[in-house]
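Single-letter residue listing:
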Amino acid sequence: MSAIDHLIHDNDHYVSSFPGARPVRPKLRLTVVTCMDSRLDLFGALGLDIGDAHLLRNAGGVITDDVLRSLAISQRAIGTREIVLIHHTDCGMFNFNDDEFRATLASETGEAPPWRVPGFTDLVEDVRLSLTRVRECPWLPYRDSVRGFVFDVATARITEVTTSDATSDANSQTAGH
């Protein structure tokens, strides 16, 4: 049985206990932007329930133009007001070489992708850059309540990163462990 077949099977069980539709507007009026890494259980780690928050995930939790588009829709059309950015230790985007990756794709397909895949070499600094990018986005009306964190995949503890910190406990986790 394929992984997709398992999903279909498990959905049958879920449907039998499904509590019903929830409102479109997230209960906490919150959007969480994080990495697509399967080790991040946001519901468990943050105490979230279905319907509490919008969850935006991509490789590295990078604040791309598409993430900013989704944040603008989330705030302007659906009513969210706060944003949490969560990067994590032992991320595949740490030391990721965008130029090399794009060159490989172009070599294999004959076409370079129109998008970039920015990696990072300093986890905490990347959280700070992400915070700045969100706070400076003119299309987001609610930029006062934006906070950034590092999720430790070994302990599930989140550590806050601020733009004014000279150092942070998360600094020791820059490369993972």
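Predicted model, so just to flag it, every value in this text is computed and none were measured.

Basis of the calculations
Residues numbered from 1 in each chain as written. Predicted model: local features only at pLDDT ≥ 70, side-chain atom pairs only at ≥ 80, totals over all residues. Heavy atoms only, no water. Salt bridge = Lys/Arg side-chain N within 4 Å of Asp/Glu carboxyl O. Helix = DSSP H or I, 4+ residues; strand = E, 2+ residues; numbered from the N terminus. Buried < 20%, exposed > 50% of the residue type's maximum accessible area, 1.4 Å probe, protein only. Core = buried A, V, L, I, M, F, W, Y, C linked by side-chain atoms within 4.5 Å. Contact = heavy atoms within 4.5 Å. Patch = residues over 30% accessible without salt bridge, like charges linked within 9 Å, V, L, I, M, F, W, Y side chains within 5 Å. Areas by Shrake-Rupley, 256 points an atom, 1.4 Å probe, with all protein chains shown as cover. Expected span 1.5 Å × (residues − 1). Pairing = 2+ DSSP bridges.

Draft legend 1. A look at the pattern of salt bridges. Applying the stated criterion across every chain yields a total of eight salt bridges. The partner of Asp 98 in a salt bridge is Arg 116, and the shortest N-O contact between them spans 2.5 Å. Note that Asp 98 is positioned in helix α4 (residues 98-109) and Arg 116 in the loop between α4 and α5 (123-135), a separation of 18 residues in sequence. By relative accessible area, Arg 116 is classed as partly exposed at 48%. In this structure, the salt-bridge partner of Arg 128 is Glu 125, at a minimum N-O distance of 3.7 Å. Here the residue Arg 128 and the residue Glu 125 both occupy positions in helix α5, the gap between them amounting to three residues, near one helical turn. Judged by relative accessible area, Glu 125 falls into the partly exposed class, the value being 33%. Each member of the salt-bridge network shares a partner with another, and the members are Asp 37, Arg 39 and Asp 90.

Draft legend 2. Representation of the nonpolar core in the model. Val 33, Leu 71, Ile 83, Leu 85, Val 134 and Leu 140 are the most contacted members of the largest nonpolar core, which has 35 residues in total. With five residues, α5 is the largest single contributor of residues to this core. Leaving out residues up to four positions away in the same chain, Leu 71 has contacts with Thr 31, Val 33, Leu 56, Ile 83, Val 134 and Leu 140.

Draft legend 3. How the structure looks around a nonpolar patch on the surface. On the surface, Tyr 14, Phe 18, Phe 43 and Ile 50 cluster together to form a nonpolar patch covering roughly 380 Å² of accessible area. Relative to the elements of secondary structure, Ile 50 occurs in the loop between α2 (42-46) and β2 (53-58). In this structure Ile 50 comes out as partly exposed when scored by relative accessible area, which is 47%.

Draft legend 4. Fine view of helix α3 (residues 65-78). With 14 residues, α3 extends 19 Å between its outermost C-alpha atoms, agreeing within 8% with the 20 Å of an ideal straight helix rising 1.5 Å per residue. Turning to α3, its buried residues number three or more, namely Val 67, Leu 68, Ser 70, Leu 71, Ala 72, Ser 74 and Gln 75. Tucked inside the fold, the buried residues of α3 contact β1 (30-35), β2, β3 (82-88) and α5. Two residues or fewer past α3, Gly 79 is found with a positive phi of approximately 90 degrees.

Draft legend 5. Representation of the pairing of strand β4 (residues 146-151). Among the six residues that make up β4, five are buried, leaving the element largely enclosed by the rest of the structure. Of the strand pairs in this sheet, β3 and β4 are connected by six bridges, and their pairing is parallel. Counterpart to Ile 83 in the pairing with β4 is Val 146. Note that β4 and strand β5 (residues 158-161) share four bridges and pair antiparallel. By the bridge assignment, Phe 151 is partnered in β5 with Ile 158.

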